[in-house]
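Given next are the chains, with one letter for each unit.
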Amino acid sequence: MPKNPSIKSVLIIGSGPIVIGQACEFDYSGSQSLRSLREDGIETILINSNPATIMTDPSMADHIYLLPLTTKSLVKILKEHPQIDAVLPTMGGQTALNLCIEADEKGIWKDFDVKLIGVDIEAINITEDREKFRALMEKIGVGMAPQATANSYLQGKEIAQEYGFPLVIRASYTLGGAGASIVYKEEDFDELLSHGLEISPIHEVMIDKAMMGWKEYELELLRDNNDNVVIICTIENMDPMGIHTGDSITVAPAMTLNDRTFQKMRDMAIHMMRSIGDFAGGCNVQFAVSPDEAEEIIAIEINPRVSRSSALASKATGYPIAKIATKLAIGYTLDELKNQITKSTSALFEPTLDYVIVKIPRWNFDKFEGSDRTLGLQMKSVGEVMGIGRSFQEALHKATQSLEIKRNGIGADGKSYTNYEQILDKLKNASWDRVFVIYDAIQIGIPLSRIHEITKIDMWFLRQYEELFLLEKEISKYTLDTLPRELLLEAKQKGYGDRQIAHMLKCLESQVYSKREEMNIQRVYKLVDTCAAEFKAETPYYYSTFENEIQLAGQKPYSENDSIVTEKKKIVVLGSGPNRIGQGIEFDYCCVHGVLAAAECGYETIMINCNPETVSTDFDVADKLYFEPVFWEHIYDIIRHEKPEGVIVQLGGQTALKLAEKLDRYGINIIGTTYQSLDLAEDRGSFSSLLKENNIPYPEFGVAETTEEALALADQLDFPLLIRPSYVLGGQGMKIVINKKELEEHVVDLLRKIPNNKLLLDHYLDGAIEAEADAICDGENVYIIGIMEHIEPCGIHSGDSNATLPPFNIGEFVMQQIKDHTVKIAKALKTVGLINIQFAIKDDMVYIIEANPRASRTVPFIAKAYGEPYVNYATKVMLGHNKVTDFNFNPKLEGFAIKQPVFSFNKFPNVNKQLGPEMKSTGESILFIESLKDDAFYDLYARRKMYLSK
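Since the model is a prediction, treat every value here as computed from it, not as a measurement.

Draft legend 1. Looking closely at helix 30 (residues 870–878). A large share of helix 30 lies buried, amounting to 9 of its 9 residues. Within helix 30 the residues assigned to the buried category are Tyr870, Val871, Asn872, Tyr873, Ala874, Thr875, Lys876, Val877 and Met878. Immediately downstream of helix 30, the backbone of Gly880 shows phi near 75°, a positive value.

Following this line, the structure appears as structure tokens:
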């Protein structure tokens, strides 16, 4: 059945600011969905309040409303666009579904004659109301854990009495497992029950008998109007039941199921999807399987929308779930649609994987001092990475190398735990680093049976770890000169990095690299093609691996490389890796725009990134996508293979920037601002000399490498002092101290956490106003794209401040200083591309806090507020394709735009929520106001006086 001709205009609801439990996977889904609708000539209207995402870019939809996600905003949009025929709420996570239900209850869809596509209200209600869901599952014969609903404290107590402990409490209609908990002891039950009832918008909880230690699986399904169903991907959680899937290490395809159970699970998932409602779209189903011979299957839940896992499944298989789900929602059937990768097979063809993917979440507990770091039913991670390899071991290593936590992979990097009690504790109380601790446990001799007994992780996974450990032990017997080729090849095939092998052989990483060259052990690149090479793939989406060479009669030995290098001029854009606090989706926005601008300048574009949630890793954004760790060894091999004109590092946040030194040392051209300038801006001493030469004021400061030096500096600089390590992101480790005791404590702590780092001590300008500016510079000309004033005083991290564009309280004299300083600094640093400068204003004097010659967190916000494609312009300047003076800048903004930070403190109830110089927000929204008399501005300004945390 072709497209429904009555649908000409569709409203898509986005997911709003990024919070823990709902991150940029919905930005990816929504972006794909918008593109999918536009391909069919359908008018697109989007509501989403997040300025940092590519989804809210003017190029993505016909009409974009950067408004709060409320029914009031929906009514405004529907009045302005009476032509809207349908609403698609399945692309914006739980936020969009909840808003859709609220609008339905208020009769808004009916009043404006808007139909719901991609899902129906009954399906949402059945899946969200756990009592209804349970009744339906019983009716269709799908088993579930014993569970009951409680709408009151008393009901909850009665259920607990009947079931006994351990129990699981889940709050209805919540996100990322909010309000969910496992209760082991009766004395903890009352408090957790009250919390669950309180956090649920309908004050309802489901109490389940805990299926602790059961294995957990997720299936991603699509269904069309003809009731065809395809299962795109089966994902196995390495962590058993009891840890939220968003915090679990997951593997695709499923590794430890027997075929009979797998087929049964597929049938159950299809049966469940068909039973919850008659709609065409996507669905995510979760199951638990008993860890015994019987392999009994019970259903956990079903989500009638694209989910966190569908972004992962799309990247894992190359099958664009959101794009196809959108086509199904507007009436197409699966057999009418083409597979987007092969372009020859149909979308009714289920993907086959001839590789393994491993997803590992990325946590940011260091930002939440005092938080409970144990993993459980409430999601706590802020992002994720994915590794693709020919084996579980290779994919696991690649994923751990992608995390950016100063680990080189599993083990073999001198960072293992060796204390027996500590290891046991981390295994018992699932810790964020348990993925590494399993290896450490094997290393110190804890038997696999004991590790399995504690963690309930399937023995198959534990044996994979054991094999890695035995290989490390074997390699350690050799030296670089005596190591046999087959052992080195095996280590590379199992994902060990050159750094790890160097650690085993007690030599340098570069020596291992040279040894590989000498032995001809080279990376080859393989296609992600959805069909295990049965059909030709048209889309260049690659991962690397190592292969044994094939020897054919009369030919030289070779290994198959799917990545064919063209004659075109090429540019590599380095992505920003996993989302974390301080480096979020705004850098993905910049990378995507950088790729598109380079393509406009006639370059073949190459993207390197490992984040499955983002638009930059969509298979058709760049000409070539390498889904690889943003990790030196992988990048260097891709660069040697592709031989690009240069590499863009200033769009991928600190992740890409940190690689500039290595690129420079190896003679690889950095596009735009040079490494020397980037380094000068980071090195406080050199940067201050530059400011001094240009007569630009800055707070008095000093650099210390030891506690003694720091204490001596304090006498010269006067308290309060701002202390920070150099080369860190998101204000990590920053603190304001007011006396020598606090100074000593913090410096000792920092030097322990980040050894050999230089510490910067600035005299803190108490009570100063903070402002920042972003600009584009071509080395000679400077254009300031935006100057923002922070509502909060100086000392609160800029990422946690409400930033107002244009400034609301800065006089002309001060504004002129900001403009002059920005132009001088941009030129003095020989900036080519973007630069962000932060200022402190006290007694009408403008001091420089810092300058970052790269894309900043605020660039997407300014671009959305002014309706200008600044990253596109900046990239063309970096490439030398244009001068700043070539562009016709025409910013449009009536009134003010405010960038508002959004926090996820509800996941960490016992944490100090005061703001300070270390960033804690997980996302942001944009608020437009016509004048400073607006109530919203008054509310924000009134909160300005909240004191700073030390």
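Draft legend 2. Quick peek at the packing of aromatic side chains. This structure, assessed with the given rule, holds 26 aromatic pairs. Seen in terms of ring centroids, Tyr541 and Phe627 are 6.3 Å apart; in terms of plane orientation they differ by 45°. Their pairing is tilted. Separated by 86 residues along the polypeptide, Tyr541 in strand 18 (residues 541–545) and Phe627 in strand 21 (residues 624–627) bring together distant segments of the chain. For the pair Tyr541 and Phe627, a shared accessibility class is recorded, and that class is buried.

Draft legend 3. Structural context of the packing of helix 15 (residues 448–455) against helix 16 (residues 459–475). Between helix 15 and helix 16, whose axes approach to 10 Å, the crossing angle comes to 135°. As judged from the angle between their axes, helix 15 and helix 16 are oblique. Helix 15 and helix 16 meet at a crossing whose hand is right-handed. Listed contacts from helix 16 to Leu448, Ser449, Ile451 and His452 of helix 15 are Met459, Leu462, Arg463 and Glu466. The class makeup of the residues in the contact of helix 15 with helix 16 is 4 nonpolar, 2 polar and 2 charged.

Draft legend 4. The pairing of strand 16 (residues 383–389), seen in detail. Within strand 16, 7 of the 7 residues are buried, which leaves the element mostly enclosed by the surrounding structure. Here strand 16 shows no split at all, with Gly383, Val385, Gly387 and Gly389 on one side and Glu384, Met386 and Ile388 on the other all buried. Bridge count for strand 15 (residues 356–362) against strand 16 is 7 bridges, and the pairing is antiparallel. Looking at the pairing, Val356 lines up with Gly389 of strand 16.

So, how was this worked out
Residues numbered from 1 in each chain as written. Predicted model: local features only at pLDDT ≥ 70, side-chain atom pairs only at ≥ 80, totals over all residues. Heavy atoms only, no water. Buried < 20%, exposed > 50% of the residue type's maximum accessible area, 1.4 Å probe, protein only. Helix = DSSP H or I, 4+ residues; strand = E, 2+ residues; numbered from the N terminus. Phe/Tyr/Trp six-rings, centres within 6.5 Å; stacked < 30°, edge-to-face > 60°. Axes fitted to C-alpha atoms, helices over the stretch in contact; angles between N-to-C directions. Parallel < 35°, antiparallel > 145°, perpendicular 65-115°, else oblique. Left-handed = near helix turned anticlockwise from the far one by under 90°. Contact = heavy atoms within 4.5 Å. Nonpolar A, V, L, I, M, F, W, Y, C, P; charged D, E, K, R; others polar. Pairing = 2+ DSSP bridges.

Any functional reading would require information beyond the geometric quantities listed.
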